[in-house]
Amino acid sequence: MKIEKASKRRSSLDEDLPPLRTNGSSPNSLISREGVKLVPEPKLERIEDVGLRGNGRAVFGLDDPMDFIKAGVEAIIDDEVTKRFAAEELSSWNLLTRTNNNYQYLSLRLTIIWCFGFLFRYTVLLPIRLLLLVFGVMWLCLCTAFIGYLPASRFKKWLNWHISLMCFRILSRAFSAIITYHNRENRAQGGGICVANHTSPIDVVVLACDNCYALIGQSHTGFFGLLQRALTRASSHIWFERSEVKDRTAVTKRLREHVEDKNKLPILIFPEGTCINNTSVMMFKKGSFEIGGTIYPAAIKYDPKFGDPFWNSSKQTAIHYLLMMMTSWAIVCEVWYLPPMIIKEGEDAVDFANRVKAEIASCGGLVDLMWDGQLKRVKAKKEWRQKQQEVFSQKIRCD
């Protein structure tokens, strides 16, 4: 892994980053690129346009449902939501199979180059990275077990800090991670909450190579469960099951207690609650924004040309995912630490979460979406359909 310290933040995001919006979408449609809304805005001038019947009722026209039909057709042509739950397809092939799903024969020379690249990745890079991964996991387990027996003290905190950085930097070498950190003076401080966009479990490794965090997240089994148990021995982390209501209550209580103690490690949270393919930022859960404390936003942007780290957990097991990461060319990414943010007077948790999400999306060059990332696993909420029906009924209702 090569960790590069960025000297300064980009002077102008508009010059360095591609435009975020796609032309040709109405601002009032379901998949609008500018100000995405759940429902089309009603035509308030409907009565004046069509006139009144004799009984004073607004005339119903065949064009009334056209806004909804238009939004549905746009969603079929270019779905703004579900395509965020699959690996991004690159415009040019990087000689990795996962980014060229629709394989087509191009030329003999390109086929030969791909074969040499395949042999190099699987016979040279993979064995070396496997050794680094095994060594890193074993060293992490041994070090955290030793720290767990030490009494609580400043020395234990100091030792845990340095061992955590060392172990995560060894693990990052198993993916040939090349990370550039910007504005390191804005790193999360003790008792604060660091929030970031979520692409894969590697996000934890990327951020933990530059700071020490208390982690909170979904409880796992298997390989990731082994790492969670090892980390818990050295410091306080919070693992929970989303399906358990009592777990969510306990998490909120522990978060409140954590932010009140400035001597504790900053908490690292991914408010999206699921992995998104690093092209957008989806809805932030409000839980981590309603407990108070200082929020330290961080934007993570990967370069998919060398390896796409997105994890589709519904289709790939942890071992399958790790194999793809260790057979990629490298994991290249940039991290921007944004200035700390606190909730404003009169601002609720939802508005605060949306404000933080917008800052992360803008800094990382990502599309800011209001949709819930859990749509990857569940159907759209019934309330959303009812809201569209209410708006449509208001268009043709006579007061």
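Figured I'd write up the structure that's included with this text. Here the structure is a predicted model, which means the values were calculated and not measured. (Residues numbered from 1 in each chain as written. Predicted model: local features only at pLDDT ≥ 70, side-chain atom pairs only at ≥ 80, totals over all residues. Heavy atoms only, no water.)

## Describing the packing of aromatic side chains
Argument step 1. Applying the stated criterion across every chain yields a total of eight aromatic pairs.
Argument step 2. Plain terms: the ring middles of F289 and F352 are 5.6 Å apart, the flat faces sit at 85° to each other, and that makes the pair edge-to-face. Residue F289 is found in the loop between β7 (280-281) and β8 (295-303), and its partner F352 is found in helix α10 (residues 349-364); the two are separated by 63 residues along the sequence.
Argument step 3. What links up through ring pairs into an aromatic cluster is the set W114, F118 and Y122.
Argument step 4. The positively charged end of R121 is found above the aromatic ring belonging to W329, 5.4 Å away from the centroid. (Phe/Tyr/Trp six-rings, centres within 6.5 Å; stacked < 30°, edge-to-face > 60°. Helix = DSSP H or I, 4+ residues; strand = E, 2+ residues; numbered from the N terminus. Lys NZ or Arg CZ within 6 Å of the ring centre and 35° of its normal.)

## Describing the side chain of K357
Argument step 1. Mapped onto the elements of the fold, K357 is located in helix α10.
Argument step 2. In this structure K357 touches V281, M282, M283, F284, D368, L369 and M370, once residues within four positions along its chain are discounted. (Contact = heavy atoms within 4.5 Å.)

## Focus: unusual backbone geometry
Argument step 1. Phi angles above zero are rare outside glycine, and N183 is one such case at about 55°.
Argument step 2. One non-glycine residue with positive phi stands out, namely N278, at about 65°.
Argument step 3. Assessed through its relative accessible area of 4%, N278 is described here as buried. (Buried < 20%, exposed > 50% of the residue type's maximum accessible area, 1.4 Å probe, protein only.)

## Let's talk about the pairing of strand β3 (residues 193-196)
Argument step 1. Here β3 shows no split at all, with I193 and V195 on one side and C194 and A196 on the other all buried.
Argument step 2. Pairing of β3 with strand β6 (residues 267-269), which is carried by three bridges, proceeds in the parallel orientation. Across the sheet, residue V195 finds its bridge partner in β6, namely I269.
Argument step 3. Bridge analysis of β3 against β8 gives four bridges, and the strand direction is parallel. (Pairing = 2+ DSSP bridges.)

## Considerations on the environment of Y213
Argument step 1. One can find Y213 in the loop between α6 (202-208) and β4 (214-218).
Argument step 2. What makes Y213 buried here is its relative accessible area of 5%.
Argument step 3. Between the C-alpha atoms of Y213 and I267, which are 54 residues apart in sequence, the distance is 5.6 Å.
Argument step 4. Other than its neighbours up to four places away in sequence, Y213 contacts A188, C194, L207, A208, H237, L265, P266, I267, L268 and Y337.

## A short note on the pattern of salt bridges
Argument step 1. Inspection of every chain in the model, using the stated rule, returns five salt bridges.
Argument step 2. Note that D303 and K305 form a salt bridge whose closest N and O atoms lie 3.0 Å from each other.
Argument step 3. A salt bridge links R355 to E347; the shortest N-O distance between them is 2.9 Å.
Argument step 4. Classification of R355 by relative accessible area gives partly exposed; the value is 21%.
Argument step 5. Within this structure, R184, R187 and D210 form a network of salt bridges that share partners. (Salt bridge = Lys/Arg side-chain N within 4 Å of Asp/Glu carboxyl O.)

## Notes on empty space enclosed by the protein
Argument step 1. Taken as a whole, this structure holds two cavities of 30 Å³ or more when the rule is applied.
Argument step 2. Considered as a void within the structure, the largest cavity measures approximately 130 Å³ in volume.
Argument step 3. Lining the largest cavity are 15 residues, and of these S164, F168, Y213, L231 and H237 sit closest to its centre.
Argument step 4. Mapped onto the lining of the largest cavity, the elements with two or more residues apiece are α4 (108-148), α5 (154-173) and α7 (222-234).
Argument step 5. Per element, the largest residue contribution to the lining of the largest cavity is four residues, and it comes from α5.
Argument step 6. Here the lining of the largest cavity is composed, by residue class, of ten nonpolar, five polar and no charged. (1 Å grid on protein atoms, 1.4 Å probe; cavity = no way out; pocket = protein on both sides within 12 Å on 5 of 7 lines; lining within 4 Å. Points joined across faces, edges and corners; volume = space filled by probe spheres on them. Nonpolar A, V, L, I, M, F, W, Y, C, P; charged D, E, K, R; others polar.)

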